[in-house]
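Architecture at a glance
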Amino acid sequence: MDQIMKRSTLKEQDPDLGILAVQLSARVQRDIFRRSAEQGFDDVRPRHGAVLAYLDAEGTRPGELARLAGRNKQTMGAILDELERLGYVRRTPDPADRRAKLIVPTDRGLSFIAASDGFVHLIEQKLADTLGPDRYRDFRDALARGVASLPATGQDTEG
């Protein structure tokens, strides 16, 4: 009698898009944050990437960071509070509108951003070496088109 294969075994042997996306994201984040800790940034967590991945050196408004990261304003506010307490960002008045705030990276924040951009480049280079440059470019293009085809709005996946 044939036994029915467990769902977990099926998903392990033939992971669906959601599982592959989570695994890719988790592995990229683990690599970035392991390398970051080795460089003295052991207090940064993956949730902080919602800010640090998009932050401009001259500053970015909190609402724009929330939009770019796909987070609600409350979640973004909590992340900004943590990063400010850790010394990676500071809030300053926006010179274009004194009622608005800009989130500006500190020297420590700029150092982390430069380091993490370098780590992402290394990960991308490794993938390009593994897949070949043309296949990697096609993979990135297809992934970007796939992401763009799905709704960007909805509830935060992390709160």
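All values derive from a computational prediction rather than experimental measurement.

1. Digging into the overall build of the protein chain
A tally of helices and strands in the protein chain yields seven helices and two strands. Mapped in sequence order, the helices and strands of the protein chain form the string α-α-α-α-α-β-β-α-α. Counting only C-alpha atoms and orienting by the principal axes, one finds that the protein chain spans roughly 70 × 35 × 30 Å. Long-range pairs, those at least 24 residues apart, make up 54% of the contacts in the protein chain between residues at least 6 apart in sequence. Summing over all exposed atoms, the protein chain offers an accessible surface of approximately 11100 Å²; the carbon and sulfur share of this is 53%.

2. A look at the pattern of salt bridges
If you walk through the whole model with that rule in mind, you get 14 salt bridges. When the shortest N-O distance is used, the salt bridge between E84 and R91 registers 2.4 Å. What emerges from the salt-bridge pattern is a single network uniting D31, R34, R35 and E38.

3. Considerations on the pairing of strand β1 (residues 89-94)
Each regular strand displays side chains that alternate between the two surfaces of the sheet. Bridging between β1 and strand β2 (residues 97-105) involves six bridges; their strand directions are antiparallel. Each bridged residue has a counterpart across the sheet, and for V89 the counterpart in β2 is P105. Where β1 hands over to β2, the hairpin turn is made up of two residues, counted between the paired strands.

4. Quick look at the packing of helix α4 (residues 62-69) against helix α5 (residues 73-86)
Remark: α4 packs on α5, axes separated minimally by 9 Å, with the N-to-C direction vectors making an angle of 110°. Classed by the angle they form, the pair α4 and α5 counts as roughly perpendicular. Crossing hand, α4 versus α5: right-handed. Taken together, the residues of α5 that come into contact with α4 (itself represented by P62, G63, L65, A66 and A69) are K73, M76 and L80. Here the contact of α4 with α5 is built from residues that sort into six nonpolar, one polar and one charged.

5. Looking at the packing of helix α6 (residues 107-131) against helix α7 (residues 133-149)
Close contact between α6 and α7 brings their axes to 6 Å; oriented N to C, the two are set at 120°. Accordingly, the angle class assigned to the pair α6 and α7 is oblique. Here α6 and α7 pass one another in a crossing that is right-handed. On the side of α6, the interface is formed by E124, L127, A128 and L131, while α7 contributes P133, R135, Y136 and R140.

6. With respect to helix α2 (residues 17-38)
Think of an α-helix as turning once every 3.6 residues; residues three or four places apart then point the same way. Taking 1.5 Å of rise per residue, 22 residues should cover 32 Å, and α2 covers 32 Å from first to last C-alpha, within 8% of that figure. Taken together, the buried positions of α2 are D31, I32, F33 and S36. Those residues of α2 hidden inside the fold are in contact with α6. By the N-cap criterion, in which a side-chain oxygen at the helix start approaches the backbone nitrogen of a residue two or three places on, α2 is capped by D16, the distance to G18 being 3.1 Å. Where α2 terminates, the next one or two residues include G40, which has phi positive at roughly 95°.

7. Considering the confidence of the model for the protein chain
Confidence in the prediction of the protein chain, expressed as mean pLDDT, is 92, and 95% of residues score 70 or more. When pLDDT is averaged over each element of the protein chain, α6 comes out on top at 97 and helix α1 (residues 7-13) at the bottom at 90.

8. Thoughts on the nonpolar core
V51, L55 and M76 are the most contacted members of the largest nonpolar core, which totals 23 residues. Ranked by residues supplied to this core, first place goes to α6 with five residues. In contact with L55, other than residues within four places in its own chain, are T60, L65, V89, I103, V104, P105 and I113.

Calculation rules
- Residues numbered from 1 in each chain as written.
- Predicted model: local features only at pLDDT ≥ 70, side-chain atom pairs only at ≥ 80, totals over all residues.
- Heavy atoms only, no water.
- Helix = DSSP H or I, 4+ residues; strand = E, 2+ residues; numbered from the N terminus.
- Contact = heavy atoms within 4.5 Å.
- Areas by Shrake-Rupley, 256 points an atom, 1.4 Å probe, with all protein chains shown as cover.
- Salt bridge = Lys/Arg side-chain N within 4 Å of Asp/Glu carboxyl O.
- Pairing = 2+ DSSP bridges.
- Axes fitted to C-alpha atoms, helices over the stretch in contact; angles between N-to-C directions.
- Parallel < 35°, antiparallel > 145°, perpendicular 65-115°, else oblique.
- Left-handed = near helix turned anticlockwise from the far one by under 90°.
- Nonpolar A, V, L, I, M, F, W, Y, C, P; charged D, E, K, R; others polar.
- Expected span 1.5 Å × (residues − 1).
- Buried < 20%, exposed > 50% of the residue type's maximum accessible area, 1.4 Å probe, protein only.
- Polar contact = N/O pair within 3.5 Å; in protein donor to acceptor, adjacent residues only side chain to side chain.
- pLDDT = per-residue confidence, 0-100.
- Core = buried A, V, L, I, M, F, W, Y, C linked by side-chain atoms within 4.5 Å.

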